[in-house]
Amino acid sequence: MGEFLNIFIKSAFIENMVLAYFLGMCSFLAVSKTLSTATGLGLAVIFVLGITMPINWVINEYVLIPAELEFLRFILFIAVIASTVQLVEMVVEKFSPGLYAALGIFLPLITVNCAILGGSLFMVSREYNLTESIAFGLGGGLGWFLAIIALAAIRERIRYSNVPPALRGLGMAFLITGLMGIAFLSLTGIDPTVFAGWSGTVAE
C-alpha cells in the first residue's frame, strides 16, 4: 500500500505529466478555455490512463516480452489507447452531447495525446509491476486533470482583467502554464517515500 501511494503521489504532483514533462500540451492549452470542458476532458484522461496502463502492462509482460516482440509496443499500445478512447467518445456522445460538442476534435485526439502514450512508455522503462502501473496511471491522470482544471479556472478569471492585447488567448495561457510549471518544480525536492512511512504508521 505504501509503494502504491508513493507512486500515486509522485506521478500526480512531483512528476506531473503536463507541468513536469510537458506532455499533452495541445489539448491542455486548447480545451482549458472553460472550466466545464476542461473538467470533461480531464476526467476522460483519468479514465483512459487508468484503463490503458494495466492493459498495456499485461500485453507487454505476457505477450510481447515472452514472444520477443517488443518492437510492436508502439503499435499495440496505441491500439489499446484508441479502443479505450473510442469507448469514452461513445459514452460522452450518448450521455453528454453538449460536452461532446464542446470538446470537438480534442476528445478523439486523446488517442495521440503524448501524456497517454508517454505513461505506458514510462511504465515500461521504469519496470513497474501491475499494481504500480495502476497507481502510476491513476496518479498521472489525476495530475493532468488538476493541471487543466487550474489553468481553466485562471483563464476564466483573467477574462475580466485588463490583459494586454498581445498576450490575450494562448499568449497568456503559455505564461500561466510556465508559472504553474515553476510552482510544481518546487515539489521535486519532496521525498515521496515519506508518504509510505505515514501509511505504515497509520496501519500500525
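What you see is a predicted model, and the numbers here were worked out from it, not measured in a lab. (Residues numbered from 1 in each chain as written. Predicted model: local features only at pLDDT ≥ 70, side-chain atom pairs only at ≥ 80, totals over all residues. Heavy atoms only, no water.)

### Thoughts on the overall build of the protein chain
How we decide: Numbering of helices and strands runs from the N terminus; a helix is a DSSP stretch of H or I covering at least four residues, while a strand is a stretch of E covering at least two. We compute the radius of gyration from the C-alpha atoms alone; for a globule the expected value is 2.2 Å times N to the 0.38, where N is the number of residues.
From N to C terminus, the protein chain includes 9 helices and 0 strands. The N-to-C order of helical and strand elements in the protein chain reads α-α-α-α-α-α-α-α-α. Computed over C-alpha atoms, the radius of gyration of the protein chain comes to 18 Å, within 12% of the 17 Å expected from 2.2 N^0.38 for 204 residues, which places it in the range of a compact globule. Overall, the protein chain is about 60 × 40 × 30 Å in size when its C-alpha atoms are taken along their principal axes.

### Observations regarding a nonpolar patch on the surface
In plain terms, the rule: A patch consists of residues exposed above 30% relative accessible area that lack any salt bridge, with like charges linked at up to 9 Å and nonpolar side chains (Val, Leu, Ile, Met, Phe, Trp, Tyr) linked at up to 5 Å. What sets the accessible areas is the Shrake-Rupley method with a 1.4 Å probe; for residues, cover comes only from the shown protein chains. Only one rule defines a salt bridge in this text: a Lys or Arg side-chain nitrogen within 4 Å of an Asp or Glu carboxyl oxygen. Between buried and exposed lies partly exposed: a residue is buried under 20% and exposed over 50% of the maximum accessible area for its type, with that area taken using a 1.4 Å probe on protein chains only.
The grouping of Phe47, Ile51, Ile55, Leu87, Met90, Val91 and Phe95 at the surface amounts to a nonpolar patch, some 640 Å² of accessible area in total. Among the secondary structure elements, those contributing two or more residues to the nonpolar patch are α3 (35-64) and α4 (73-95). With 4 residues, α4 is the largest single contributor of residues to the nonpolar patch. Looking at the secondary structure, you find Phe47 in helix α3. Taking relative accessible area as the criterion, Phe47 reaches 37% and is therefore assigned partly exposed.

### Some words on the packing of helix α7 (residues 130-157) against helix α8 (residues 170-185)
Operational definition: Orientation is described by lines fitted to C-alpha atoms, with helices fitted over the stretch in contact, and by angles between N-to-C directions that extend from 0 to 180 degrees. What sets the label is the angle itself: under 35 degrees gives roughly parallel, over 145 gives roughly antiparallel, 65 to 115 gives roughly perpendicular, and the rest give oblique. What makes a crossing left-handed is the near helix being turned counterclockwise from the far one by less than a right angle; a clockwise turn instead makes it right-handed. Here a residue-residue contact requires only that any non-hydrogen atoms of the pair lie within 4.5 Å. Classes in brief: Ala, Val, Leu, Ile, Met, Phe, Trp, Tyr, Cys and Pro nonpolar; Asp, Glu, Lys and Arg charged; the others, Gly included, polar.
The geometry of α7 relative to α8 is characterised by a closest axis approach of 11 Å and an angle of 135° between their N-to-C directions. It follows from the interaxial angle that α7 and α8 lie oblique. Where α7 crosses over α8, the handedness of that crossing is right-handed. Contacts between α7 and α8 involve Ala147, Ala150, Leu151, Ile154 and Arg155 from the first element and Ala173, Ile176, Thr177 and Met180 from the second. Here the residues of the contact of α7 with α8 are counted per class, giving 7 nonpolar, 1 polar and 1 charged.

### Comments concerning the layout of surface pockets
Empty space among the atoms can be located by rolling a probe the size of a water molecule over them. Convention followed: Using protein atoms alone on a 1 Å grid, points that fit a 1.4 Å probe yet trap it form a cavity, whereas open point sets bounded by protein on both sides within 12 Å along at least five of seven lines form a pocket; residues with an atom within 4 Å of a point count as lining. Grid points are joined across faces, edges and corners, and a volume is the space filled by probe spheres set on the points.
What the largest pocket holds in volume is close to 190 Å³. Lys33, Arg155, Ile158, Arg159, Ser161, Val163, Arg168, Gly169, Met172 and Ala173 are the residues that line the largest pocket. When its residues are assigned to classes, the lining of the largest pocket shows 4 nonpolar, 2 polar and 4 charged.

### A short note on the pattern of salt bridges
Oppositely charged side chains can form a pair if their charged atoms are brought close together. This structure, assessed with the given rule, holds 2 salt bridges. Salt-bridge contacts for Lys10 lead to Glu15; the nearest nitrogen and oxygen are separated by 3.6 Å. The closest approach of N and O atoms between Glu15 and Arg126, which form a salt bridge, is 3.1 Å. A residue pair is termed long-range when its members are at least 10 positions apart, and Glu15 in the loop between α1 (2-14) and α2 (25-30) and Arg126 in the loop between α6 (114-125) and α7 qualify at 111 residues. Exposure remark for Glu15: the relative accessible area of 18% places this residue in the buried category. In the salt-bridge network here, residues are joined through shared partners; they are Lys10, Glu15 and Arg126.

### Notes on the UniProt feature "transmembrane region" (unreviewed entry) in the protein chain
The line we're drawing: UniProt positions are given in the numbering used here, feature names are shortened, and annotations may be inferred rather than shown by experiment.
Feature annotation in UniProt places "transmembrane region" (unreviewed entry) on residues 12-31, 38-59, 71-92, 99-122, 134-154 and 166-190, given in this structure's numbering. This span, residues 134-154, is 100% helix and 0% strand, and a straight line between its end C-alpha atoms measures 30 Å.

### Focus: the packing of aromatic side chains
Quick note on the threshold: Stacked, tilted and edge-to-face pairs are distinguished by plane angle, under 30 degrees for stacked and over 60 for edge-to-face with tilted covering the rest, among Phe, Tyr and Trp rings (Trp via its six-membered ring) whose centres lie within 6.5 Å. Two conditions define a charge sitting above a ring: the NZ of Lys or the CZ of Arg must be within 6 Å of the ring centre, and it must be within 35 degrees of the ring normal.
Scanning the model with the defined rule gives 5 aromatic pairs in all. Note on Tyr21 and Phe122: the rings are 5.0 Å apart at their centroids and 45° apart in plane angle, and the pair reads as tilted. Remark: Phe122 occurs in helix α6 and Tyr21 occurs in the loop between α1 and α2; sequence separation between them is 101 residues. A ring pair is formed by Phe28 and Trp144, whose centres lie 6.1 Å apart and whose planes are at 70°; its orientation type is edge-to-face. On the criterion of sequence distance, the pair formed by Phe28 in helix α2 and Trp144 in helix α7 is long-range, its members being 116 residues apart. Just above the ring of Phe95 sits the side chain of Lys94; from NZ or CZ to the centre is 5.9 Å.

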